[in-house]
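# Examination of the molecular architecture
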Amino acid sequence: MSKAFASQADLADKKITFEQLSPHCWAYTAEGDPNSGVIIGDKYVMVSDCTATPSMARDLIARIRTVSDKPIKYVLLTHYHAVRVLGASAYFKEGASEIIASQGTYELIAERGKEDMQSEMDRFPRLFRNAEEIPGLTWPTLVIGGGVPGKGEAPGRLTVDLGGVRVQIWSPGNGHTRGDTIAWVEEEGVLFSGDLVEYNAGVYTGDAHLAEWPATLEQLRKLNAQALVPGRGEALKGRDQVAAGIAYTQRWVETLFRCAKEAAAQNMDLKAAMAHTRKSMDPIFGNVFIYEHCLPFDVSRAYDEARGMAIPRVWTAERDKEMWASLQD
Ligand SMILES: [Zn+2]
């Protein structure tokens, strides 16, 4: 029998950790499932990535309520992926009035948000339990480096004062998607990277810009963060762990893309490119959470980019399954 598609066989719940990293910064992590970050000020709370569904968001909200009763006014979308943005509506009852994203993210939601929603729901049935509560796509109200007509506009870099703590938000460059955005609490040295950095978990690159990603990681390295909440994997504490997380992600991206370029240069087909890539990736990353889920999507995109396709193709539920079937032995 062929391997179950994406994460369809992954139905065991993860243990969630909600931990304090600095006076105002918290990490909500779940053993390799998508993480969220929380910044708690004297007046307002900000959530960076808001989980896959309103139901999951309520769990995060309950944990925030153990330490703060302030309105969760700001929701930051680090990028457009459904597992990170479709829980947003749960925060409206908690005082959310601004949903922040970059211009690149806004454009991708408009262009492919619907297809991404369907595709991710099929890939991650566990994360999308109770998906019937999702009211539709999550639209930003405040767009960095652009604007939503008639709604919020913001410059390329935004600083939000939550009361006693300021959060800097900007897009350091393309990588995991076009328009990935980070939150940086400089005074406390805490960085919320979204999926630009992962640690000991799969690095999904199905919508990535692989050639540009290392330079974007270099921008993050320059911040010299003391703690980092990655997109997946445990919170990184101390400069050594932060450096290790960035290096882990860079190694994945560079190994994958090197293999794809070699495959393209030798005119391999996609299946041969997959086998070629496995020779380098399996020994290093083969045992990390969600590796087998990510690899087919990653090789597909890396191979496209290596052959000169600048813009990642849109994944649809149908394209997902076709690609998956074509890469099984
Ligand atoms: Zn993502």
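The structure contained in this document is the topic of the report that follows. Note that the structure is predicted; figures quoted are calculated from it, not measured.

A few words on the environment of V229. Among the structural elements, V229 can be located in strand β14 (residues 227–230). Note on V229: relative accessible area 3%, which makes it buried. In this structure the C-alpha to C-alpha distance between V229 and P125, which are 104 residues apart in sequence, comes to 24 Å. Sequence-distant contacts of V229, defined by excluding residues within four places in its chain, comprise L21, W26, A27, N35, S36, L191, F192, S193 and G194.

Let us now look at the pairing of strand β6 (residues 98–102). The element β6 is largely enclosed, with a buried count of four among its five residues. In this structure, β6 lies alongside strand β7 (residues 142–144), joined through three bridges in parallel fashion. Considered in β7, the bridge of S102 is made with I144. As a crossover connection, the stretch from β6 through helix α3 (residues 103–123) into β7 is right-handed.

Residue alternation in β14 divides its side chains into two sets, A227 and V229 and L228 and P230, and both sets are buried. Viewed along the sheet, the connection from strand β13 (residues 190–194) through helix α4 (residues 213–222) into β14 turns out right-handed. As paired elements, β14 and strand β15 (residues 236–237) share two bridges and run antiparallel to each other. What sits directly across from L228, in β15, is L236. Counting the residues that bridge the hairpin from β14 to β15 gives five residues, and of these G233 lies at a positive phi of roughly 100°.

Moving on, we get to the packing of aromatic side chains. Taken as a whole and assessed by the stated rule, the structure comprises twelve aromatic pairs. Ring geometry for F297 against W315: centres 5.0 Å apart, planes inclined by 80°, an arrangement best described as edge-to-face. Residue F297 is located in helix α7 (residues 291–306), and its partner W315 is located in the loop between α7 and α8 (317–327); the two are separated by 18 residues in the primary sequence. Of the two residues, F297 and W315, neither departs from the other in class, the shared state being buried. An aromatic cluster is defined as three or more aromatic residues linked by ring pairs; in this entry it consists of F5, Y204, F297, W315 and W324.

Rules used in this analysis
- Residues numbered from 1 in each chain as written.
- Predicted model: local features only at pLDDT ≥ 70, side-chain atom pairs only at ≥ 80, totals over all residues.
- Heavy atoms only, no water.
- Helix = DSSP H or I, 4+ residues; strand = E, 2+ residues; numbered from the N terminus.
- Buried < 20%, exposed > 50% of the residue type's maximum accessible area, 1.4 Å probe, protein only.
- Contact = heavy atoms within 4.5 Å.
- Pairing = 2+ DSSP bridges.
- Right-handed = clockwise from strand over helix to strand, strands pointing away.
- Phe/Tyr/Trp six-rings, centres within 6.5 Å; stacked < 30°, edge-to-face > 60°.

Everything listed here is a matter of coordinates, which is why it stays silent on function.
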